[in-house]
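Fold and geometry: a report
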Amino acid sequence: MKARAAGGRPSTAKLVVSLQRGDKRAAARLISLIEDDEPAARAALRAIYRHTGGAHVVGLTGPPGTGKSTLISRLLKEFRARGRKVGVIAVDPTSPFTGGAILGDRVRMAEASRDPNVFIRSMATRGYPGGLALATFDAVRVLEALGMDLVFVETVGAGQSEVEIAKRAHTTVVVEMPASGDAVQILKAGILEIGDVYVVNKADLEGADSMMTNLRLVVPSHGKGWKPPVLRTVASEGTGVKDLADKLEAHWRHLNESGERVARERARAETELRGALAEVALRRLAAKPASERRLRAATERVANRTVDVRTAAEELLGNRRRG
Amino acid sequence: MPKKIRVLMAKPGLDGHDRGVKVIARALRDAGIEVIYTGLRQSPEDIAAAAIEEDVDAIGLSCLSGAHMTLFPRVVQVLRKKKAGDIVVAGGGIIPPEDVPKLKKAGLKEVFGPGTSLQEIVDFFQKSAGRPR
């Protein structure tokens, strides 16, 4: 209805043009429109989707207080020194009672945020589960269109089962700290299975050695040819950050050279498409389920960027003609 | 989804007293507002840049050191220079009543001195955030 009428509105087109010229205000405005689920946002995402997919998307997750924001602030500096343009989406929780939120991740990133080639955006979960916001990865697309080479996504302080990040980022970093659980905690399933890189931050504190040992025992090996490293950092002092940055680059190289990136793109497309399908279907109260075969075909088209997720979902529900 | 109000709470300058700004941030949160807090010792340029990236409706500045006459108007100037003069700016702190008209003339929408109730501040941000987007 309204969504389609907005497609040709000049304001959307103008936003997209400004965005691709590197205008931060356009990017920021577009992210708000996405968060508020404005029809103009959908039109803009449709327009930019083909031009996205170039950035290395790195998710950082782990319990609250392990130093994710401080690590990102150090990584921002390190990757800026390596000539990359870097974006950050930092997610903090929305109050389930009032709908309000305190978004405080910028506090640790004050120095890095002065760099004109850095874009940091705080985001509230707005009731979305899994340690992310519904708008998080659409906002990543916006930062890609803005020209970022690398985008960090910081989840809310996550406990054990917030694993969605691993399905949607290229590289997932699990950040732990000393004495945050005994060997049995670490044996449990969930967040400790999803890392491509594991970090024991605050490694100057007592218990770092046993945390390292316990993690090394349980770290799984997902793909072929990549054994997730377990690293020590002291983010507040910058110790170990260069090594972490090297490992992130090495993982990105590995994904590209092994063909794993294509597989992950497909997994991401499927996760996002299934999510969007559920959402669109729910919203339109369309009870007609799409068949598995059509879903798989559409997943392919989203993965190779022939069509964006939302449009594919709507096609599957029969609300939009292919074309 | 209804449009959410986003407010940046910032401490410009060298004053390190942040209890007040945190109390206000909490009150705004409890009123359903998304509050971005950027921490201590921010320059007006830092604050304006953060406000743009965060696409906030309004900025609340807190200053207890007496430097408000320099710092508050500077935030407004930088925003205007960056074509973001539509972002509402309010200030609060230990502000003598005679400074209030000067600050408003410099572009602050509202100034809150000692004794202001939290409800007044919440009401202000809820009303002022209704700008067209």
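Cut-offs used in this document
- Numbering of residues begins from 1 in every chain and follows the order in which that chain's sequence is written.
- Note on labels: chains are lettered from A, ligands numbered from 1, in written order.
- In keeping with the model being predicted, local features are shown solely for residues with a pLDDT of at least 70 and side-chain atom pairs are shown and tallied solely at 80 or more, while totals for entire chains, interfaces and linings include all residues.
- Two residues form a contact once the distance between their C-beta atoms, set from the backbone, is within 7 Å.
- Secondary structure is summarised from DSSP: a helix means a run of H or I of at least four residues, a strand means a run of E of at least two, and numbering begins at the N terminus for each.
- When residues are sorted by character, Ala, Val, Leu, Ile, Met, Phe, Trp, Tyr, Cys and Pro go into the nonpolar class, Asp, Glu, Lys and Arg into the charged class, and all the rest, Gly among them, into the polar class.
- By definition, two strands form a pair when at least two bridges between them are found by DSSP.
- Fitted lines through C-alpha atoms give the axes, limited to the stretch in contact for helices. The angle between two N-to-C directions lies from 0 to 180 degrees.
- Angle categories: roughly parallel below 35 degrees, roughly antiparallel above 145, roughly perpendicular from 65 to 115, and oblique for all the rest.
- Helix crossings get a hand from a simple test, with the near helix turned counterclockwise from the far one by less than a right angle marking a left-handed crossing and a clockwise turn marking a right-handed one.
- The term nonpolar core means buried Ala, Val, Leu, Ile, Met, Phe, Trp, Tyr and Cys residues held together as one set by C-beta atoms within 7 Å.
- Each residue is classified by how many other C-beta atoms fall within 10 Å of its C-beta atom, where C-beta atoms are placed from the backbone; a count of 20 or more means buried, 12 or fewer means exposed, and values in between mean partly exposed.
- A domain assignment, automatic or from a database, supplies the domain bounds used here.

The interface is formed by 27 residues belonging to chain A together with 25 residues belonging to chain B. Where the side of chain A that touches chain B is concerned, the elements lending two or more residues are α3 (24-35), β3 (101-103) and β4 (118-124) of chain A. Sort the elements by how many residues they give to the side of chain A that touches chain B and α3 of chain A lands first, with seven residues. Taken together, the residues of the side of chain A that touches chain B sort by class into ten nonpolar, eight polar and nine charged. Relative to strand β2 (residues 34-37) of chain B, β3 of chain A is paired through three bridges, and the arrangement is parallel. Looking at β2 of chain B, one finds that Ile-102 of chain A is bridged to Val-35 of chain B.

In spatial order, the strands read β3(A)-β2(B)-β1(B)-β3(B)-β4(B)-β5(B); together these six strands make up an open sheet with parallel pairing. Strands at the two margins of the open sheet, each flanked by one partner only, are β3 of chain A together with β5 (110-112) of chain B. On average, adjacent strands in this sheet sit at an angle of 20° to one another, irrespective of strand direction. Where strand β3 (residues 58-63) of chain B and strand β4 (residues 88-93) of chain B come together, six bridges link them in parallel fashion.

A separate point is the packing of helix α5 (residues 68-81) of chain A against helix α10 (residues 241-258) of chain A. Residue and element names in this part refer to chain A. Closest axis-to-axis distance for the α5/α10 pair is 10 Å, and the angle between their directions is 70°. The angle between α5 and α10 falls in the class roughly perpendicular. As for the relative orientation of α5 and α10, their crossing is right-handed in sense. Taken together, the residues of α10 that come into contact with α5 (itself represented by Arg-74, Leu-75, Glu-78 and Phe-79) are Val-241, Lys-242, Leu-244 and Ala-245. Considering only residue class, the contact of α5 with α10 consists of five nonpolar, no polar and three charged.

Residue and element names in this part refer to chain A. Position of Thr-299 among the secondary structure elements: in helix α12 (residues 292-303). When the C-alpha positions of Thr-299 and Val-151 are compared, they lie 23 Å apart, and in sequence the two are 148 residues distant. When near neighbours in sequence (up to four residues on either side) are disregarded, Thr-299 contacts Arg-266, Ala-269, Glu-270 and Leu-273.

Leu-30 of chain A together with Val-35, Ile-59 and Val-75 of chain B are the most contacted members of the largest nonpolar core, which has 125 residues in total. Per element, the largest residue contribution to this core is seven residues, and it comes from α3 of chain A. When residues of this core are assigned to domains, at least three fall in each of domain 1 (1-51) and domain 2 (56-257) of chain A. By size, the runner-up hydrophobic cluster in this structure holds twelve residues, among which are Ala-276, Ala-298, Val-302 and Leu-316 of chain A.

Residue and element names in this part refer to chain A. On domain assignment, one finds that chain A holds domain 1 (1-51), domain 2 (56-257) and domain 3 (259-323). Here domain 1 and domain 2 have C-alpha centroids that lie 28 Å from each other. Residue-level contacts link 13 residues of domain 1 with eleven residues of domain 2. Those elements giving two or more residues to the side of domain 1 that touches domain 2 turn out to be α2 (10-20), α3 and α4 (39-48). The greatest single-element share of the side of domain 1 that touches domain 2, amounting to six residues, is contributed by α3.

Residues and elements named next belong to chain A. Across the interface, α3 lies against α4 with an axial gap of 7 Å and an inter-helix angle of 120°. Classified by the interaxial angle, the pair formed by α3 and α4 is oblique. Classified by chirality, the crossing of α4 by α3 is left-handed. Contacts between α3 and α4 involve Leu-30, Leu-33 and Ile-34 from the first element and Ala-40, Ala-41 and Ala-44 from the second.

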